[in-house]
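For reference, the chains in residue letters:
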Amino acid sequence: MAPRATAQVLLRTVLKSVSRSFYLTLAVLPSDVRAPVSLAYLLARAADTIADTDVIERTRRLHYLTRFREWIMEPAKYREAVREVQAELLATRPTAQFDQSERVLLSQLEECGALLESFMPEDQALIRRVLRILTQGMQKDLTDFPGASAQSLAALKTMADLDLYTYNAAGCVGEFWTRLMCAHRAALRDWDVEPMSQVGVRFGKGLQYTNVLRDIPTDLRRGRCYIPTDLLNTVGLKPADLLDPASLPKFRPALAKLLRITLEHLDQGWLYTMAIPRREVRLRLACAWPILFAVKTLQRVSVSENLLDLSTTVKMTRGEVYRIMALTAGTLGCARTLTAYYGHLRKRVSC
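Residues numbered from 1 in each chain as written. Predicted model: local features only at pLDDT ≥ 70, side-chain atom pairs only at ≥ 80, totals over all residues. Heavy atoms only, no water.

1. Considering the overall build of the chain
Phase 1 of the analysis: Summing up its helical and strand segments, the chain has 16 helices and 2 strands in all.
Phase 2 of the analysis: Judged by the C-alpha coordinates and their principal axes, the chain covers about 55 × 50 × 35 Å.
Phase 3 of the analysis: Each of the 351 residues in the chain was classed as buried or not, and the buried ones make up 54%.
Phase 4 of the analysis: The long-range fraction of contacts in the chain, counting pairs at least 24 apart against all pairs at least 6 apart in sequence, stands at 73%.
Phase 5 of the analysis: Total accessible area on the chain stands at roughly 15,200 Å², and carbon and sulfur atoms take up 53% of it. (Helix = DSSP H or I, 4+ residues; strand = E, 2+ residues; numbered from the N terminus. Buried < 20%, exposed > 50% of the residue type's maximum accessible area, 1.4 Å probe, protein only. Contact = heavy atoms within 4.5 Å. Areas by Shrake-Rupley, 256 points an atom, 1.4 Å probe, with all protein chains shown as cover.)

Spelled out as structure tokens, the structure:
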């Protein structure tokens, strides 16, 4: 099977059990950018699987992320590195450790490497850069949070630490996305790449801030508090206090500040999206959908009476996702209509 056909099969297999909405977002992209964006996602997903495999000792995961990154940088030279990762994660680990889509992806990493080397050198360089930042961020995460349960809870110290985390996890993707689109889409050739890349960074950060707020109770029980201690200090709380759902009223002023920061980033992401010419309907929708999903999620976060309770779900339902996609696809990328809808959702975020 040709490398690009292999990537499409992998993408469908991996995303079937993960995120139908994200698969549709990739599918709506123009064909000339779909393959490199999809491959970058697949490689990032593989790295994330390595980082999150808790049956492998932490120092080994750090080692395998380094080996994985070496292979990304030079697939032909470091072929043994990816085989080392595969041997550890697949051959010597129980089948139940990974779902089928993850096993398929890990088993076909060499095919992903072949696809990477089939791209133009400029696209290869962009993919390698973003994967370098993402994997280094994953390693920093494993180091900053050495435990794996609430009993070994650790927290970021400052708002600057949180800002760096959101860059490493998603802001760098906004930068990658901008440079790739400007290189391939004639309609974006007039964009000033450097400043627009920085707006793309804020776009990505807004999405990751949303994830942080949505996942607070889950992350806490994994030993990770992404709410910085310097912010918690301002409301008289410690990271461990967030394990108690009754702490929510006291936490709300800090939550409100984080919601405002997140919305400021997403507002920049929306300006970025509306700067895409309307004739690039597919690209505009591919950018608009994640922001709309994020704002809808923030609305649920902001009004939740049980945000810190592990049993509470603030994640959007599949029906809500499909409803937003159907409503906005019908606008054919009209900036006025899309912006009115964004404003409607944004006003419902209480902060």
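2. Section: the packing of aromatic side chains
Phase 1 of the analysis: Taken as a whole and judged by the stated rule, the model has 6 aromatic pairs.
Phase 2 of the analysis: Ring geometry for Y165 against Y226: centres 4.4 Å apart, planes inclined by 25 degrees, an arrangement best described as stacked. Pair noted here: Y165 is in helix α9 (residues 159-184) and Y226 is in the loop between β2 (224-225) and α12 (229-233), with a separation of 61 residues, a long-range link. Each member of the pair, Y165 as well as Y226, carries the same accessibility label: buried.
Phase 3 of the analysis: Summarising the aromatic geometry, the rings of W191 and Y272 are spaced 5.2 Å apart at their centres and angled 70 degrees between planes, so their arrangement reads as edge-to-face. Of this pair, W191 sits in the loop between α9 and α10 (193-214) while Y272 sits in helix α13 (residues 248-274); the two residues are 81 residues apart in sequence, bridging distant segments of the chain.
Phase 4 of the analysis: Using a relative accessible area of 14% as the deciding quantity, one classes W191 as buried.
Phase 5 of the analysis: Residue Y272 is classed as buried on the basis of its relative accessible area, which comes to 2%.
Phase 6 of the analysis: An aromatic cluster of three or more residues is present, and its members are F145, Y165 and Y226. (Phe/Tyr/Trp six-rings, centres within 6.5 Å; stacked < 30°, edge-to-face > 60°.)

Nothing here speaks to function; it is geometry throughout.
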